[in-house]
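These are the residues of each chain, in order.
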Amino acid sequence: MKRVGVFYATKEGHAHKVAERVAAALAERTLDVAVHDVSDVDASAVLTQSDAAVIVGSVHLGKHEPQLIAFVKAHRLQLDAIPATFLSVCGEQAGAEQGSTPEARAKSAANVSAQLQTFIDATGWHPRHVRPIAGAFAFTHYNALVRWVMKRIAKREGLPTDTSRDYDFTNWTALDEFSRSLAEELKGSSERASPH
Ligand SMILES: Cc1cc2nc3c(=O)[nH]c(=O)nc-3n(C[C@H](O)[C@H](O)[C@H](O)COP(=O)(O)O)c2cc1C
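Okay, so let's go over this structure. (Residues numbered from 1 in each chain as written. Predicted model: local features only at pLDDT ≥ 70, side-chain atom pairs only at ≥ 80, totals over all residues. Heavy atoms only, no water.)

Comments concerning the overall build of the chain
Phase 1 of the analysis: In terms of helices and strands, the chain carries eight helices and eight strands.
Phase 2 of the analysis: Based on the C-alpha atoms only, the size of the chain along its principal axes is roughly 55 × 30 × 30 Å.
Phase 3 of the analysis: Restricting to contacts in the chain with at least 6 residues of sequence separation, those with at least 24 account for 79%.
Phase 4 of the analysis: Carbon and sulfur atoms provide 53% of the accessible area of the chain, an area that totals close to 9600 Å².
Phase 5 of the analysis: Seen as two clouds, the 22 positive and the 23 negative side-chain charges of the chain have centres 5 Å apart. (Helix = DSSP H or I, 4+ residues; strand = E, 2+ residues; numbered from the N terminus. Contact = heavy atoms within 4.5 Å. Areas by Shrake-Rupley, 256 points an atom, 1.4 Å probe, with all protein chains shown as cover. Lys, Arg positive; Asp, Glu negative; His and termini not counted. Charge placed at Lys NZ, Arg CZ, Asp CG, Glu CD.)

Describing unusual backbone geometry
Phase 1 of the analysis: Of note, the phi angle at T30 is positive, near 60°, even though the residue is not glycine.
Phase 2 of the analysis: In this fold, T30 is placed in the loop between helix 1 (14-28) and strand 2 (32-37).
Phase 3 of the analysis: Judged by relative accessible area, which is 48%, T30 ranks as partly exposed. (Buried < 20%, exposed > 50% of the residue type's maximum accessible area, 1.4 Å probe, protein only.)

As for the packing of helix 5 (residues 91-98) against helix 6 (residues 102-123)
Phase 1 of the analysis: Between helix 5 and helix 6, the least distance of the axes is 7 Å, while the angle of their chain directions is 145°. The handedness of the crossing between helix 5 and helix 6 is left-handed. Contacts from E92, Q93, G95, A96 and E97 in helix 5 reach A104, R105, S108, A109, N111, V112 and Q115 in helix 6. (Axes fitted to C-alpha atoms, helices over the stretch in contact; angles between N-to-C directions. Left-handed = near helix turned anticlockwise from the far one by under 90°.)

Some details on the packing of aromatic side chains
Each pair of aromatic rings is reported with the distance of its centres and the angle of its planes.
Phase 1 of the analysis: Under the criterion given, the structure shown has nine aromatic pairs.
Phase 2 of the analysis: On the basis of an interplanar angle of 10° and a centroid distance of 4.2 Å, the ring pair of F86 and F119 is categorised as stacked. Placement of the pair is F86 in strand 5 (residues 84-90) and F119 in helix 6, with a sequence separation of 33 residues.
Phase 3 of the analysis: Exposure remark for F86: the relative accessible area of 1% places this residue in the buried category.
Phase 4 of the analysis: Geometrically, the ring pair formed by F119 and W125 is edge-to-face, given 6.3 Å between the ring centres and 70° between the ring planes.
Phase 5 of the analysis: Relative accessible area serves as the criterion here: at 2%, F119 is assigned to the buried category.
Phase 6 of the analysis: Given a relative accessible area of 0%, W125 falls into the buried group.
Phase 7 of the analysis: Counting every residue linked through ring pairs, the aromatic cluster contains F137, F139, Y142, Y167 and F169. (Phe/Tyr/Trp six-rings, centres within 6.5 Å; stacked < 30°, edge-to-face > 60°.)

Below you can see the structure in the form of structure tokens.
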């Protein structure tokens, strides 16, 4: 059975939810899936034994988590040798998909591309699949300053600004669809040559 390592880095928990959802969809399609925070002590060993990898990370202030960048840089040759997918969980993608005006959506889409390019420049990694995923705004969990900043960002992106509730902008149906087609692709690709 093909082994898929799903590795994530998160600040407020949403990228972990995305990682678990992808893992569940892959496992449903008879892949052998392990989910790990990139900071777990055994994450590197699990990657060594994986036939494929899915890397999930969120964006704050234009950048992906430093521990995610460190993990990808440390394992870039391994990632280059197997089918690997990168899912970037971010607020800008929510704006690109759901912003209230064409201008707001276009600006957010440009910001998504810039954030992805910053990640590629920082890691030198060119994943086989790259997919931005609209994240969540956890207004009720932010401190007052972050809530204020995020409300301004939401307004700029043409997203809702009611800070008395949280918003989940992820299109879970589309993510499941993506995971299904990834599972089919991985099942069709050859397994690693060396036994492990
Ligand atoms: C302080 C802060 C800064 C953020 N900065 C960005 C940003 O620069 N670009 C972006 O696309 N999203 C940004 N976001 C939105 C997050 O990417 C989004 O909330 C995501 O779901 C967080 O994922 P996590 O829960 O896995 O950390 C920011 C969120 C917070 C709280």
